Each structure stands twice: as C-alpha cells, then as structure tokens.
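Chain and residue survey
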Amino acid sequence: MTQSTRTPLVLLLLVMGVIWAGCDAERGLLIPNEPPNTRVSAGPPEASDTEYRVNLFWFGWDDDGFVDHYELAFDDTTEWQTPIFSNDSLFFVTADGSCCVSPLPQNAGGASVDSIYEQFHTFFVRAVDNLGVPDPTPSVRSFNAKTIAPHTQLTGGPAHLGIWGSDVKFTWRTVDDDGFPVSWRYALISTFDYARETGDTVPNLAPLIAWVDTITYYPETNPGGGGALYSDSLVWRDLAADSITFRNVVTTSGLVDDQGNPAPENKNKIIFAVKATDNAGAEEKILTTTRREQHHGPNVVVFDVSRNVNGPCVSLISNVVGTWSCFSSPRPRSIFANQGIRFCWTAVPGGSGLPLAGFSYALDDTTDWSPFSLNSECFPVDENDRWRPGKGAHTFFIRAIDAGGFIRVLTANLRVFDGPARCDSDLQYIVVVLDTNPGDLIQGSRVFPPLYRQVEVELMRYFFEGYDDLVIHQTNGDTPPDVFLLDCASSTFWFHSTSAPSGGDNSVLRSYHRTPPNVLPSYVSSGGNLFIAGISPLEAFRFAEQTDGIVDETIFQRDPVRFTDTLADTGLVTHWMVSHFGIGSIDGIVDKTALEATPSLRFTTAKSHVVTGPNPYPDLHFDPLSWPLGTQTRGFGFYDRGVRPYFTTVPGGTTQVAQSEVIYSRNNTGEPVAVRRFDVPPDTGKLLYAGFHPYFLEKEGYREFLRAVLADFGEFPDNP
C-alpha cells in the first residue's frame, strides 16, 4: 500500500516542478516557448537582377533560448534543406531555357553576345531553436538570376563549303563569359534531307541553318542515306567531349529523290552544327558559319564528302593489342606492355583507286613523322625487337599516301599498364573472375540451382580458403574486370559459366573476342598466370580476327575447331589459343543434359596425367549431388572434348614437340579435356585450360587440384 500511494505523489511533484520552471515567478503563470527569428543580412537587393552565382548571408536569434540550426529552401517551401549550421553560402541557381532576354545586349566590342537566360528565384531561410521550433515567418529574398550562354568555335575539321574524305573529325573550343561548359549537343545531317523535307532545292544559308535548329526527324546514321525516323524532339544528340569523329560518312553524290530524279549538286552537302550548355543550364542559341568576333563561331559548317579525297585504307596489326583499320573505333585500348609491342601494316587503295606510294609512322608526336617509304612494313623493323612504351597514355600513328598525294592517317590509342611482372610482390594478389550471367539459360535448365551465383561465390571461398589476398569479381555477363584490377594480379582464375546451348553469348570472355581487343594475351605476356575453366569455354573462342580488324564469326563454327588455321592464313591474326595456350585444336563441345544424352559422351571422371612431381593433380570425379539428373545419367554433359596441344617441328628435323601438356583426359577414353603450358618465355605467365566446370565435380578433389595449380603458379596460402 505504501509504494502504490507514494509513486503518484512523486510524479505529481515532478510535473509541478516542470510547470514552475516555465512560469512567471510573480504570478505563477505558464510561459510558452517563443519561436526564433530570422533575417537575411546581405545578398542581392530585393527583386534585382543578379548573376546565377548568388552569395547570401543570414542570422537568427531566440529570446528565450538559442538558435540550434537553420533550414533553407528555394522557390518551394514544401522541401527544406536541413540542418544548416552556417550563416552564409554561395549558391548556384539555374536559368530557365524557355525564357531568354531579347533583344540581346551589346558587349563592349559592339557585337551582340550569345543568348542571355534569366529566371526569378525566391530564397527562404528560417531559424530553428533549441526545442526544435522553426521560425513561422521565414526571411525571404527574391532576385532575377541571369546567365550568359556559352559560345563555340570550330577549331578542326572540314572548311566551310570544302571537300573532305569519308572519315571526319571535328574539334571545337567553347568560351563561357560567366561560367564553364559542361556538355555539348551536335547535329549531322545533309542538304538532301533539307530539300526532301522543305521542297527548297536551292536554299540560302540562313534558312538552312534555321532548319538545322528545328528539324525533328533523324536521317539514317550516315547523312544523305535516305529514309527517316521521325521524332517528337529536336535532332540534337548529347555529347560530353569537345570533339567527335565520324567514320565512313556517306557522300550524297548519286542520290535520287522520291520521283527518281538525281539530287542536284547543291543538295550534295553535309551540315554539322554544335552548341554548348554551361554549368548554369544555359544553352548556346546562335548558330553561324562565320566568325563574328573572337571566340564566336563558326559553330556550323557545310561541306561535301568525296571518297576520292580519301587516302589508302590502312590496316595495323599488332602482336598483343589487336588490329586496327581505317574504320576502327578510335577509343583507347588497354595493354600490359612488359612483352613489348610490334606493329606491322598494310593498305589498300582508297576511293580514288590510285596505287599506294608509301607509309610513314610516328610515336606519340605527329611533328616527328618518319619519311614516306614502301620499304618499311613493321615497327620495330627487327622482328625480335619491341617497342616498350612506359606506363600511361600513348599513341602510334601510321599514315599512307597514294600516287595522287591523298593521305589517310590511322591512330592507335593505347593505355599502357606495367603488368604483374613489374608489380612489387607485396602488392600482388589473386583474382577470381566469375563470368556468369544471372539471366542465362543455364539457370533455367535444371542444371544449376536457382541461387547458383551465391553458391558460386561461397564455392570459391572454400576452394581458395587461406589465400587472404583474393579478389572475387562477378561479371554478370557484361562487366569485365578493370585492367587496373589485373595490373598487379599475379594469377587470374577465370570461370566461364555461361550456357553452352546459347552459344555462350552472355559472357565477357566471349565479348573479348567478338569486340577486340582481348586484354588477356598481353596480361599473360606481362607475367600474369591465367587459369580458364568452365562450361565449354570453347564457345568463347570461336572467333578469328582478320588483319583488317574485322572479326570473323564463321571460320570456327565447324568442329573440330582448328586454331592452327590462323597460322597459315595471312589474312588472319594468329589466334592466342595457339600462340599463348599452345592449343592446336578442340574437337568440339558436349552440351547434352537430358536423360536421352548419349551415355558414351557423359563426363564421369577427369583422369589425371600429372601424378608425379612436387604438385601432383588428383583424379576428379563427378558429383551426382550437383545435378538433379546426375544419379540417373551418371555423368554430366557440359565440357570441351578433344583439347589437343599444338605441335611444332624442331628446326632441321622431323621431331614433333607439343607446345602444351595434357593434364586431364575424360573417363578412361584418353580424350584430352585439359592442358597446361608452363614452359613459357621469361616474364610470361603460366597457363592452364580446363574444358569442364568445377561445380559438377567432387568439391574436395577440385579444391586439392586448385591448390596444386596455385603452388605451380607460385601462390601459397597465408593461413594454411
């Protein structure tokens, strides 16, 4: 009874104490909390014009407490920025693209500047006191923010009304009087399209430029090609760089209109226009083909395209960086350069058909070209020598000239990395690449479990347990490991887990061959050990690169796949299965997974051929628990069969020497399914190719195999 009556009394006394603390001492009345007050102390005068960079100052006070922080808002008080603890800030406001100042004012030189944008803004600030109560009457300051649009001047490309070849590069410089450019938009269209759209067959320049700024349909990719895709928006395409290159622009010569009439000469022109947008959101409005004053125009050029002006089409072939041609993308290619680079080149006549007259090359600096000559076909000249550029960006230029004096330049842009051989051992690590697409067919074929990607990661952690310097990269089918990641990767284990029935379309390994360059050969050549295994990796290698830079997707579609065919065909680049892995051919893939699969093709045991030496490999047995149908079919059917080494003949004799070593054969048939190449040149990594996937094998045995390979690669666990 005593405790139950005492507790309400204590609470009552506490409440009275709180009330007395907020009461008038003389009259004993409750005093409510007073909200704080806020004032804008400095900034643009109310309703005045100012620029888009606005510096505002404010302060606040609270009569019965203190200001804890501030809250800010622009134009809309439904969303406040909070908490703000400073008393001033420099704000960058935007301008409204729908309203521009007109007429344009004159600058100091008497010429009109480009468009001026303006937008009315209202700034709100309110103080919040120590009890969390905000000022109910925020302080307000309104102003009209103006910004000057940038102006662009073309600095490189065809001259106005000039003639250019089919490869066109434009460069430009943009100046902004009160900010800086952040992006550009460009248009590339033809006067033939203008005539077809407007009916004006002899246009003056002014309406032609005005049409560029209002056109709402997309001609074909190459201007003047006929046909159009109508759009609801203007035909201006976004660009983040201050240059752009167009490859193989089609001349409008020879086009006909809808009635079959030839296009007159005045239609056979190409129009290029570019305009900038600055950091305040103001977009350049004035388009002109003339230079009005310093930094102002031209930002439009009208020119003709003629293949007769093109010089010879050059093809550039390298030992480790892939090939280029006159139609290749100019984007940089990454390379590990420890092996060194050697370029060779050929050319075919350009549109003029005139014979080739010579080549010339330059390294990084186009002010130092070698003399034109038909005798030089490679750099360095000595086939045993190599160009060894340092780490960073480099460019190799090759140009060809024909008998008419027409020249075409081919540019090979490189990003050079040192590679594992030059990386400090304390900085090296192991990379595991899981090349699995979550939407691939293998996950719907009852072969892999629904959560296979998570299982795969945990499986790798089990296999590589104790190796602390381990990085697991999941490609998801389209995200290759960054070259920077491989730079200090002493060993890379690449597991190809895409679907064999789908042709392996959803793997990064396949895309390396479909869209060169493939960075892995130069990685191996610069000291990186490489292990490739998985679901029929052959599917990723069924591509051959031609010496003109085109990828041939048909030469390796028949079984067996003979990679040695690239050695005898001078029109093909030597496939790296031969040059690096030492694999001459692969008989084909097996992708039978249903109950009616041919029993003789089922994979039940990988029989080891490496049973002696410091790191013997164990036999690997099929795990029936890895596959719902495994107990019935007694084996799995996803693997490469007949992985056969490439044999070379010893000079001066008939002795055949295998360039790779068979390490596993299927079941007891003796059919090779895995090879390794450890006898490699100095500073070159060791290689191993296994045409079967670890998921379907007993995990303890595969872990033992991987640890033997790791030891062969010179990798040892940190925590054995």
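Numbering of residues starts from 1 in each chain and follows the order in which that chain's sequence is written. Selection of residues for local features in this predicted model requires a pLDDT of at least 70, selection of side-chain atom pairs for listing and counting requires 80 or more, and totals for whole chains, interfaces and linings are taken over all residues. Just so you know, side-chain values use all the structure's heavy atoms and leave hydrogens and water out.

When its secondary structure is counted, the protein shows 11 helices and 42 strands. Any residue under 20% of the maximum accessible area for its type is buried, any over 50% is exposed, and the rest in between are partly exposed; the area is computed with a 1.4 Å probe on protein chains only. Across the 720 residues in the protein, those meeting the buried criterion constitute 49%. What makes two residues a contact is simply this: any of their non-hydrogen atoms within 4.5 Å. Considering only intrachain contacts with a sequence separation of at least 6, the fraction spanning at least 24 residues in the protein is 70%. Computed by Shrake-Rupley with a 1.4 Å probe, the accessible areas treat only the displayed protein chains as cover when residues are assessed. In the structure as shown, the protein presents an accessible area of about 32900 Å², 53% of it carried by carbon and sulfur atoms. We count a stretch as a helix when DSSP gives it H or I for four or more residues in a row; a strand needs E for two or more, and each element gets its number in order from the N terminus.

Attention now goes to the environment of H69. Inspection of the secondary structure assignment puts H69 in strand β4 (residues 67-74). Residue class for H69 comes out buried when judged on its relative accessible area of 13%. Spatially, the C-alpha atom of H69 lies 5.6 Å from that of I84, the residues being 15 residues apart in sequence. Other than its neighbours up to four places away in sequence, H69 contacts T82, P83, I84, F85, R126, A127 and V128. Side-chain atoms alone can form a polar contact between residues adjacent in sequence; in general such a contact is a pair of N or O atoms within 3.5 Å, and within protein one must be able to donate a hydrogen while the other accepts it. At 2.6 Å, the side chain of H69 and the side chain of D68 are in polar contact.

Once that is clear, we can look at the confidence of the model for the protein. The quantity called pLDDT is the predictor's confidence in a given residue, expressed from 0 to 100. Taken residue by residue, the protein gives an average pLDDT of 81. The fraction at 70 or more is 80%. Here helix α1 (residues 2-21) stands out as the element of the protein with the lowest mean pLDDT, 40, in contrast to strand β42 (residues 687-690), whose mean of 98 is the highest. Within the model, pLDDT remains below 50 along residues 1-22, and this stretch shows four contacts once partners closer than five positions in the same chain are excluded. Note that pLDDT drops below 50 for residues 217-233; the model gives that stretch 47 contacts with residues more than four away or on any other chain.

The omega torsion of the bond from T82 to P83 falls at -10 degrees, within 30 degrees of zero and hence cis. For the bond running from D559 to P560, omega is -5 degrees, close enough to zero to count as cis. With respect to the secondary-structure elements, P560 resides in the loop between β32 (551-552) and β33 (561-562). With a phi angle near 70 degrees, D75 is a residue other than glycine that sits in the positive phi range. The topology assignment puts D75 in the loop between β4 and β5 (81-84). Assessed through its relative accessible area of 42%, D75 is described here as partly exposed. In this structure, D683 is a non-glycine residue whose phi angle is positive, near 65 degrees. We classify D683 as exposed; its relative accessible area is 51%.

A word on the sheet that holds strand β19 (residues 313-318). The strand order across the open sheet built from four strands is β20-β19-β22-β24, with neighbouring strands paired in antiparallel fashion. Two strands in the sheet have a free side with no partner beyond their single neighbour: β20 (323-325) and β24 (378-379). At least two bridges found by DSSP between two strands is the condition for calling them paired. Where β19 lies against strand β22 (residues 343-348), six bridges are found, and the strand directions are antiparallel. If you follow S315 over to β22, its bridge partner there is T346.

What follows covers the pattern of salt bridges. Pairing is possible between side chains of opposite charge, provided their charged atoms come close. We define a salt bridge as a side-chain nitrogen of Lys or Arg found within 4 Å of a carboxyl oxygen belonging to Asp or Glu. The full count for this structure, using the stated rule, is 19 salt bridges. As a salt-bridge pair, K275 and E283 come within 3.7 Å of each other at their nearest N and O atoms. What makes E283 buried here is its relative accessible area of 15%. Taking the shortest distance from any N to any O, the salt bridge between K607 and D619 comes out at 3.2 Å. Residue K607 is found in strand β35 (residues 605-608), and its partner D619 is found in the loop between β35 and β36 (620-621); the two are separated by 12 residues along the sequence.

Pairing in this open sheet of four strands is mixed, and the strands run β21-β26-β25-β23 from one edge to the other. Strands at the two margins of the open sheet, each flanked by one partner only, are β21 (333-336) and β23 (356-363). Taking each pair of neighbouring strands and ignoring which way they run, the sheet shows an average axis angle of 30 degrees. In the sheet, strand β25 (residues 392-402) pairs with strand β26 (residues 407-417) via 10 bridges, with the strands oriented antiparallel. Opposite F397, over in β26, you have T411 as the bridge partner. Angles here are taken between N-to-C directions and fall from 0 to 180 degrees, while the axes themselves are lines fitted to C-alpha atoms, restricted in helices to the stretch in contact.

Before going further, it helps to spend a moment on the state of the cysteines. Disulfides are defined as cysteine sulfur pairs within 2.5 Å. Following the criterion strictly, the structure yields two disulfides and no others. Residue pairing for C344: its cysteine sulfur links by disulfide to C378, the two sulfurs lying 2.0 Å apart. Between C344 and C378, the S-S torsion sits near 105 degrees, and that sign places the bridge as right-handed. Of the two residues, C344 sits in strand β22 while C378 sits in strand β24, which places them 34 residues apart along the sequence. No difference in accessibility class separates C344 from C378, as the two residues are buried.

Glancing now at the nonpolar core. Residues belong to a common nonpolar core when they are buried Ala, Val, Leu, Ile, Met, Phe, Trp, Tyr or Cys residues joined through side-chain atoms within 4.5 Å. Within the largest apolar cluster, 44 residues are counted, with the highest numbers of intra-cluster contacts made by F464, F493, F531, Y664, F692 and Y702. Per-element tally for this core: the top contributor is helix α11 (residues 699-712), with six residues. Excluding residues that lie within four positions of it along the chain, F493 makes contacts with I430, V431, V432, V433, F464, F531, L706, V709, L710 and F713. In this structure, V508, F556, I586 and V643 belong to the second largest nonpolar core, which totals 39 residues.

Take the packing of aromatic side chains next. Centres within 6.5 Å make a pair out of two Phe, Tyr or Trp rings, where for Trp the six-membered ring is used; the pair is then stacked when the planes are under 30 degrees apart, edge-to-face when over 60, and tilted otherwise. Evaluated as defined, the whole model comprises 51 aromatic pairs. Relative to Y512, the ring of W494 lies with its centre 5.8 Å away and its plane at 55 degrees, an arrangement referred to as tilted. Taken together, the residues W494 in strand β29 (residues 489-496) and Y512 in helix α6 (residues 508-514) connect sequence positions 18 residues apart. Assessed through its relative accessible area of 0%, W494 is described here as buried. Relative to F531, the ring of F495 lies with its centre 5.8 Å away and its plane at 50 degrees, an arrangement referred to as tilted. With a gap of 36 residues between them, F495 in strand β29 and F531 in strand β30 (residues 529-534) connect regions that are remote in the sequence. Of the two residues, F495 and F531, neither departs from the other in class, the shared state being buried. Cation over ring: R399 sits above W369, and NZ or CZ is 4.0 Å from the ring centre. In this structure, K686 is placed above the aromatic ring of F678, and the distance from its NZ or CZ to the ring centre is 5.1 Å. A ring is scored as having a charge over it whenever the NZ atom of a lysine or the CZ atom of an arginine sits within 6 Å of its centre and within 35 degrees of its normal.

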